[in-house]
Amino acid sequence: MAAKANGEACGLCGGRTYLIERRGELASARVCTCSVDCPVCGGRGHILVQKEGTFSAKMGARTYDVLEPCVCTLRRTRVALYNDVQMPGVMAHASFDNYRPFNEAQDRGRGVAMHFAHQYVKGDTAKNKGFVLSGPVGTGKTHLLAATLGHLVLEMGVKSRYVEISLLYATIRRGFQDGKSGGEIIGPLSEVEVLAIDELGKGRGSPFEMETLDELIARRYNAGRTTLFATNYSLEPERKGARSSAPSGYRATDDARSAMKDAELLRERVGERIYSRLCEMCTFVELPRDTPDRRRTRQEMDAPPPLGGMRNPGR
Ligand SMILES: Nc1ncnc2c1ncn2[C@@H]1O[C@H](COP(=O)(O)OP(=O)(O)OP(=O)(O)O)[C@@H](O)[C@H]1O
Ligand SMILES: [Mg+2]
Ligand SMILES: [Zn+2]
Ligand SMILES: [Zn+2]
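These numbers were taken from a predicted model, which means no experiment stands behind them.

Cut-offs used in this document
Residues numbered from 1 in each chain as written. Chains lettered and ligands numbered in written order. Predicted model: local features only at pLDDT ≥ 70, side-chain atom pairs only at ≥ 80, totals over all residues. Heavy atoms only, no water. Donors = N, O, S within 2.8 Å, 3.2 Å for Na, K, Ca; no water. Tetrahedral: all angles 85-135°; square planar, octahedral: opposite > 155°, others 65-115°. Helix = DSSP H or I, 4+ residues; strand = E, 2+ residues; numbered from the N terminus. Buried < 20%, exposed > 50% of the residue type's maximum accessible area, 1.4 Å probe, protein only. Phe/Tyr/Trp six-rings, centres within 6.5 Å; stacked < 30°, edge-to-face > 60°. Contact = heavy atoms within 4.5 Å. Pairing = 2+ DSSP bridges.

Enquirer: For the coordination of the zinc ion (ligand 4), give the residues involved together with the corresponding values.
Expert: The coordination sphere of the zinc ion (ligand 4) contains the protein donors C38 (SG), C41 (SG), C70 (SG) and C72 (SG), at a distance range of 2.3 Å. In this structure, the zinc ion (ligand 4) is surrounded by four donor atoms whose angles at the metal cover 104 to 114°, and the resulting shape is tetrahedral. Site description for the zinc ion (ligand 4): donor spacing in sequence, C-x2-C-x28-C-x1-C. Remark: C72 occurs in helix α1 (residues 71-82) and C41 occurs in the loop between β2 (26-31) and β3 (46-54); sequence separation between them is 31 residues. Summarising the burial analysis for this pair, C41 and C72 share the class buried.

Laid out in structure tokens, this is it:
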């Protein structure tokens, strides 16, 4: 099982009994080798459980045996369920444990996501308010979405999906060419118990995109389903003034573009109808603009020594 005979947790899975790995484009789960053979059911996949029940007052309470799925069956089902989430492969490593907050807002973001995951009530749409993570690039928003869905699916067996919004638009457009309606693709996403929508606000903002997003969110809102979001666009209304300080001069194009984005509000990107629904569906977390980009800081740490250093090989 998950624990070795000497009581130590498995070195591969740390006692979780499953592993998440990158398999091509997607993150994929599998049962850890420590838990493939099941000592509970001997590989049958189910166990006999004794229950007590009263069928007639005359006979009184009687015990009877029922077959129940063994924990190993549950594990295999959840691993299969994880492989339906369609989480990007680059997120295979993401967990709550390896998320490092650099400021209070990131600490709060992790807290909100962990609280959501740990307090989640399966099947109870009314009880589970989602969250929106807003912040600059490389600050771990997708990481927290991945950790949250990983917990829901593998620890609780909640059917979940991950979708990056601009890829969804592209998939629907491609579907049109094959004679599929947008509804065929939107349908399953409207109905899944928990949906994480990443990169909210991204895209051209065309009528097609706005209608697709409106349909998806309105359907989930009407059904009271839980939805999680990540976005680069700002949530704070007071940021509106920041527009006037639009970038100028010698900024790199990418910097200029991202600075423009900073000044733009999510409310303006998605429109009042969608934003109003988000306010009711979600807790909002905004990471400040100076939160470090982990992609860049990691690269700086891994970078070779500067050229100056190369000229002095003697140590
Ligand atoms: N606070 C953090 N602790 C640990 N790892 C982090 C943290 N923030 C980011 N990372 C890692 O850095 C990489 C980029 O993070 P991620 O993709 O989650 O950023 P993001 O906020 O979604 O960025 P973008 O807005 O560009 O989508 C990932 O490998 C992620 O695991
Ligand atoms: Mg992201
Ligand atoms: Zn293991
Ligand atoms: Zn078993």
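Back to the write-up after that little detour.
Enquirer: I'd love a proper account of the packing of aromatic side chains, names of residues and values included.
Expert: Evaluation of the coordinates by the stated rule reveals six aromatic pairs. Pairing F116 with F131 gives two aromatic rings, centres 5.6 Å apart and planes at 85°, and the pair type is edge-to-face. Taken together, the residues span a long stretch of sequence, with F116 in helix α2 (residues 104-119) and F131 in strand β5 (residues 130-134) at a distance of 15 residues. F116 sits in the buried class, given a relative accessible area of 7%. Considering the side-chain rings of F176 and F208, the 5.7 Å spacing of their centres and the 70° angle between planes classify their relative orientation as edge-to-face. Here F176 is found in helix α4 (residues 165-177), whereas its partner F208 is found in helix α6 (residues 207-222), with 32 residues between them in sequence. Here a set of aromatic residues connected by ring pairs shows up, and it is made of F116, Y120 and F131.

Enquirer: Now, about the environment of L67: what can you tell me, with residues and values included?
Expert: Positionally, L67 belongs in strand β4 (residues 61-69). C-alpha of L67 to C-alpha of H46: the two residues are 21 residues apart in sequence and 6.3 Å apart in space. Those residues in contact with L67 that sit more than four places away from it in its chain are H46, I47 and L48.

Enquirer: Tell me about the pairing of β4, and please be specific about residues and values.
Expert: With nine bridges joining them, β3 and β4 adopt antiparallel strand pairing. In the sheet register, I47 faces β4, and the bridge partner there is E68. Counted between consecutive antiparallel strands, the loop separating β3 from β4 contains six residues, among which G60 sits at a positive phi close to 75°.

Read these as spatial facts, not as claims about activity.
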